[in-house]
Amino acid sequence: MELAGRKIVLGITGGIAAYKACELARRLREQGAEVQAVMTASARQFVGAASLQALTGRPVFDDLWDARVPDGMAHIALSRDADAIVVAPASANFLAKLAHGLCDDLLSTLVLARRREQCQLLVAPAMNVEMWEQAATQRNVVQLLLDGVQVLGPAQGDQACGETGAGRMLEPDEIVADLIAAFQPKILRGRRVLITAGPTFEAIDPVRGITNRSSGKMGYALARAAHEAGAVVTLVSGPTGLAAPHGVARIDVDGAAQMHEQVLAQADTADVFIAVAAVADWRAAEPSTTKIKKQPGTQPAPLPLATNPDILASVAALPAPPLCVGFAAESERLVENARAKLAAKGVTMIIANQVEAALGADAVELVLVDASTTRTLPMAPKLKQARRIVAAIAQRLDTRMESTQ
Ligand SMILES: Cc1cc2nc3c(=O)[nH]c(=O)nc-3n(C[C@H](O)[C@H](O)[C@H](O)COP(=O)(O)O)c2cc1C
């Protein structure tokens with residue numbers, strides 16, 4: 001319920017993607033938002049008001065002159081207590097009107113009448129690729145960005161008209177993620193954050209390997225929280241079943257050596273490195289290129305192991321390292337082991353958790369340990385914990401900058 005208590009105006013304009021506005025309304029309500037749908041006249045050609053009314057639980061407005069509003073000013077009444085207006089889909093025509101401050105129907109008038117300091121405006125363009133790439137549309141988008149409007153997407157791909165290219169509306173889940181992010185403080189704006197997540201998989205032969213039960217949930221939650229905070233995020237991920245958080249660049253790897261290589265390639269430009277992946281300590285020294293066959297009546301052959309690189313320690317040892325944060329999954333003596341790891345790896349912060357309770361769980365208790373403090377982050381969903389960790393990192397980055405000035 002990331003949008004509990006939020007009042008959202010969902011504006012729908014005339015494009016094929018209007019059918020996805022129904023799904024969007026539903027997803028917004030699932031997150032606890034109160035949704036007020038407002039349609040343009042063209043939008044009504046694509047989707048029925050009855051569907052949106054049923055999905056939002058409120059009458060739909062589309063008329064500037066609607067007599068249902070007691071003082072007759074729907075554009076003021078509907079915009080005054082809104083926390084955000086999301087226009088999805090936003091037609092080329094609507095973007096043009098917005099960029100020029102035109103207000104000749106209810107939706108465009110209420111957008112212009114919104115209180116800018118309390119009501120964010122997000123638009124999700126959807127149109128044919130030629131319409132999107134047209135100089136006029138691009139000019140309008142630049143103007144909207146300058147005016148502080150958040151332009152979500154559009155995505156590339158196949159279009160309803162049969163053509164291919166930029167102009168597809170983002171999926172409803174992606175728009176919801178962007179809206180949730182819009183309410184988070186931008187404490188990492190402009191920072192580059194590199195994160196590892198998930199288990200590693202060390203091949204023994206083409207079908208078998210050494211791995212562990214890390215789900216990747218904590219690392220993915222951190223990637224999402226850092227992105228929400230305005231950072232440019234790269235996630236180097238071992239094999240998990242999770243989708244990359246919206247807006248995060250993911251590099252997929254299998255073994256620790258591959259993860260190490262990818263991390264070192266990115267570390268020079270990172271401001272922050274967060275090592276969340278459960279990296280296997282050992283790998284098969286000589287993985288077989290063909291499937292190892294069971295020999296009836298014989299003992300299994302021994303499996304010689306080699307030690308994997310210590311990714312966190314090697315990043316911390318770079319000449320100009322990013323701010324480094326490690327995770328310690330421990331079965332016992334959490335703080336003592338975390339403090340030892342902090343010193344051994346030469347990092348800024350260690351986040352310790354009780355491994356048996358944390359692996360695969362959706363909520364977790366954490367202990368944040370740095371050179372001078374030990375702080376418990378009480379049991380909470382991993383995304384909430386990730387936002388707390390991001391806040392702690394942002395604070396240390398600011399202190400770091402002040403001390404170098
Ligand atoms: C079948 C059909 C599909 C359309 N699809 C889109 C579209 O996806 N994006 C867009 O910007 N305009 C599209 N248009 C054009 C708009 O509906 C038209 O520019 C209209 O004036 C937009 O009005 P509005 O911005 O007030 O909703 C489409 C028109 C038709 C007839």
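What you see is a predicted model; the values in this text were computed from it and never measured.

(A) Highlighting the overall build of the protein. Looking only at helices and strands, the protein features 14 helices and 19 strands. Projected onto the principal axes, the alpha-carbon positions of the protein cover approximately 85 × 55 × 40 Å. By residue count, 47% of the 405 residues in the protein fall in the buried class. Considering only contacts in the protein between residues 6 or more positions apart, those separated by 24 or more positions represent 68%. Taken as a whole, the protein presents about 19500 Å² of accessible surface, with 52% of it coming from carbon and sulfur. Measuring between centres, the 40 positive side-chain charges of the protein sit 3 Å from its 42 negative side-chain charges.

(B) The arrangement of the side chain of Thr196 in detail. Position of Thr196 among the secondary structure elements: in strand E8 (residues 192-197). Taking relative accessible area as the criterion, Thr196 reaches 2% and is therefore assigned buried. Aside from chain neighbours lying at most four places away, what touches Thr196 is Val236, Met259, Val263, Phe273, Ile274, Ala275, Val276 and Ala277.

(C) Summary view of the environment of Gln45. Of note, Gln45 is situated in the loop between strand E2 (34-39) and helix H2 (49-56). Between the C-alpha atoms of Gln45 and Ile16, which are 29 residues apart in sequence, the distance is 9.5 Å.

(D) Structural detail: the packing of helix H1 (residues 19-30) against H2. In the contact formed by H1 and H2, the axes pass within 9 Å of each other and the chain directions differ by 10°. On the basis of the axis angle, H1 is roughly parallel to H2. Residues Ala21, Cys22, Ala25, Arg26 and Arg29 of H1 pack against Ser51, Leu52, Leu55 and Thr56 of H2. The residue inventory of the contact of H1 with H2, partitioned by class, reads five nonpolar, two polar and two charged.

(E) Main features of helix H8 (residues 172-182). Within H8, eight of the eleven residues are buried, which leaves the element mostly enclosed by the surrounding structure. Looking only at H8, the buried set comprises Pro172, Ile175, Val176, Asp178, Leu179, Ile180, Ala181 and Ala182.

Thresholds applied
- Residues numbered from 1 in each chain as written.
- Predicted model: local features only at pLDDT ≥ 70, side-chain atom pairs only at ≥ 80, totals over all residues.
- Heavy atoms only, no water.
- Helix = DSSP H or I, 4+ residues; strand = E, 2+ residues; numbered from the N terminus.
- Buried < 20%, exposed > 50% of the residue type's maximum accessible area, 1.4 Å probe, protein only.
- Contact = heavy atoms within 4.5 Å.
- Areas by Shrake-Rupley, 256 points an atom, 1.4 Å probe, with all protein chains shown as cover.
- Lys, Arg positive; Asp, Glu negative; His and termini not counted.
- Charge placed at Lys NZ, Arg CZ, Asp CG, Glu CD.
- Axes fitted to C-alpha atoms, helices over the stretch in contact; angles between N-to-C directions.
- Parallel < 35°, antiparallel > 145°, perpendicular 65-115°, else oblique.
- Nonpolar A, V, L, I, M, F, W, Y, C, P; charged D, E, K, R; others polar.

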